[in-house]
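# Coordinate analysis (summary)
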Amino acid sequence: MTVTSAPAAAPPAALPPLAARARTVGGSPVREILAVTARPEVINFAGGLPAPELFDREGIAAAFRTVLEETPERALQYSTTEGEPVLRQGLAARLQAQGLPTGPDDLLITTGSQQALSLLASALIDPGDTVLVESPCYLAALQVFGLAGARILPVPCDDDGVDPAALAELIRAERPKLLYLVPTFQNPTGRTMPAARRAAVASAAARHGLWIVEDDPYGELRYDGDRVPWIASFPGAEDRTVLLGSFSKVMAPGLRLGWLRAPGAVRRACAVAKQAADLHTPTVNQLAAARYLDVLDTHVAKVRAVYGERRDAMLAGLADALPAGSAWNRPEGGMFLWARLPEPYDTTALLRRVVERNVAYVPGEPFYAADPDRSTLRLCFVTQTPEEIAEGLRRLAEGLTGGLDG
């Protein structure tokens, strides 16, 4: 009797590689820093998180209860991709009251304004297209445009935002498709672009032909000064500006509610992209937010008062916390303050030493599309109390002491 054995199994074939864009675009350094500094003893100036003790838990809970008691069949059902009409109507009324003519059909509700950025990348950017950004720039925007395969070029900036002359020269030389801006209380710098500069940007876009994406997650968090009109309201920008907004900083980020206001063709293309992404933003969250709009202004006023005190507490302590020769700005609102240490301080190299003192910041380096300024850092001032801010700055001073000699 002859015994035969089964042939040895062939080794499994290697799997195909990830898409090139997934291999070349890294994760968020800010998220990685937050993971390292999640210990409760760390005073964390690194995050961009609203203060959780200020969430209107009762007001939001009441909005959800009302929606679920009065219209449960609607609240728990699928919705339209464009968003619940009652929320779009309420948002349109708010924008209209602030001087920007807007109807409900001009708006698309998104799952956070970060999704709005991703939808716009799908709708507007082909691999190899040139995108202009501020320097430094909101980090997650750099990720979105990188994943879309864009060629990302920074526009030189000063304390008022993008330099109009440099912008015009880049537009002529590079023929970009899109300019991305956070003109009010910018992340990471906290700076605000004045009205004259916004008018110049609108004019440049009209003359040379490109889209403007105006991201405004922080605009309602103003502590001093007068409100500056959106770029979307300036002559020349009306038909080429996409305005993004969010409830994350003024209501609650866990609701994941954002929106975009866009010309018809772009808005329709974003709706198609959203259908492919998630069909629609959660219905119950939209309806509860629409209900909460009635009291949102009262809540935001309370938040502004607290955040303004916290900004002032950080500003009061910076001179003692940072090395001699440092410079920083005084933001009129938002969540962030930007500082520059004297050369040759390297805030990325110094971070480990600082975290050992149980305090954290975000180095400026990852916010630059090119040629980073390694002496810069971002501080978030809204999450801690004034007392915690004072202690955090004391620890920061200890961590930075001797930072040039290791």
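## What about the overall build of the chain?
Along the chain, the regular secondary structure elements total 13 helices and 15 strands. The globule rule puts the C-alpha radius of gyration for 406 residues at 22 Å, and the 23 Å found for the chain is close to it. Here the chain holds 406 residues, and 52% of them are scored as buried. Pairs at least 24 apart in sequence give 74% of the contacts found in the chain among residues at least 6 apart. A total of about 18,000 Å² of accessible surface is found on the chain, and carbon and sulfur atoms cover 55% of it. Charge centroids of the chain, computed over 40 positive and 47 negative side chains, lie 3 Å from each other.

## Considering the sheet that holds strand β11 (residues 327–328)
The strand order β11-β12-β15-β14 describes an open sheet built from four strands, whose pairing is antiparallel. Every other strand in the sheet has two partners, leaving β11 and β14 (362–363) as the edge strands with one partner each. Relative to strand β15 (residues 376–380), strand β12 (residues 336–340) is paired through five bridges, and the arrangement is antiparallel. From the neighbouring strand, W338 faces β15, where its bridge partner is R378.

## Comments concerning the sheet that holds strand β10 (residues 258–261)
Reading across from one edge, β2-β10-β9-β8-β7-β3-β4 is the order of the seven strands in this open sheet, with mixed pairing throughout. Looking along the sheet, the strands with just one partner apiece sit at the ends: β2 (107–110) and β4 (151–155). For this sheet the average axis-to-axis angle between neighbouring strands, irrespective of direction, equals 20°. Here strand β3 (residues 130–134) pairs with β4 via five bridges, running parallel. Bridge pairing in β4 links V131 to I152.

## Thoughts on the pattern of salt bridges
Summed over the entire model, instances satisfying the criterion amount to 24 salt bridges. Ionic pairing is found between R88 and D105, a salt bridge with its closest N-O pair at 3.5 Å. Of the two residues, R88 is situated in helix α5 (residues 85–97) and D105 in the loop between α5 and β2; the sequence distance between them amounts to 17 residues. Salt bridges sharing common partners tie together D224, R311, D312 and R330.

## Side note on the packing of aromatic side chains
Using the criterion set out here, one finds five aromatic pairs in the structure. Between F145 and Y180 the ring centres are 5.6 Å apart and the planes differ by 70°, which places this aromatic pair in the edge-to-face class. Remark: Y180 occurs in strand β7 (residues 178–181) and F145 occurs in helix α7 (residues 139–147); sequence separation between them is 35 residues. The class of Y180 is buried, set by a relative accessible area of 0%. Following the ring pairs from residue to residue traces out a cluster consisting of W338, F367 and Y368.

## Points about the environment of A202
Checked against the element boundaries, A202 lands in helix α9 (residues 195–208). Residues A202 and T241, 39 residues apart in the sequence, show an inter-C-alpha distance of 8.7 Å. Look past the residues within four positions of A202 in its chain and what remains in contact with it is I212, I231, F234, P235, G236 and A237.

## Comments concerning the side chain of S248
By secondary structure assignment, the location of S248 is in the loop between β9 (241–246) and β10. Note on S248: relative accessible area 5%, which makes it buried. Polar contacts involving the side chain of S248 include one to the side chain of R256, which spans 3.2 Å. If we ignore the near neighbours within four places in the chain, the residues touching S248 are P50, P253, R256 and L257.

## Side note on the packing of helix α6 (residues 113–124) against α7
Here α6 crosses α7 at 30°, and the two axes come no closer than 9 Å. If you check the angle between α6 and α7, you find them roughly parallel. Of the two elements, α6 crosses α7, and the hand of that crossing is right-handed. Two secondary-structure elements touch here, α6 through Q114, L117, S118 and A121 and α7 through A140, A141, V144 and F145.

About the thresholds
Residues numbered from 1 in each chain as written. Predicted model: local features only at pLDDT ≥ 70, side-chain atom pairs only at ≥ 80, totals over all residues. Heavy atoms only, no water. Helix = DSSP H or I, 4+ residues; strand = E, 2+ residues; numbered from the N terminus. Rg over C-alpha atoms; globule rule 2.2 N^0.38 Å. Buried < 20%, exposed > 50% of the residue type's maximum accessible area, 1.4 Å probe, protein only. Contact = heavy atoms within 4.5 Å. Areas by Shrake-Rupley, 256 points an atom, 1.4 Å probe, with all protein chains shown as cover. Lys, Arg positive; Asp, Glu negative; His and termini not counted. Charge placed at Lys NZ, Arg CZ, Asp CG, Glu CD. Pairing = 2+ DSSP bridges. Axes fitted to C-alpha atoms, helices over the stretch in contact; angles between N-to-C directions. Salt bridge = Lys/Arg side-chain N within 4 Å of Asp/Glu carboxyl O. Phe/Tyr/Trp six-rings, centres within 6.5 Å; stacked < 30°, edge-to-face > 60°. Polar contact = N/O pair within 3.5 Å; in protein donor to acceptor, adjacent residues only side chain to side chain. Parallel < 35°, antiparallel > 145°, perpendicular 65-115°, else oblique. Left-handed = near helix turned anticlockwise from the far one by under 90°.

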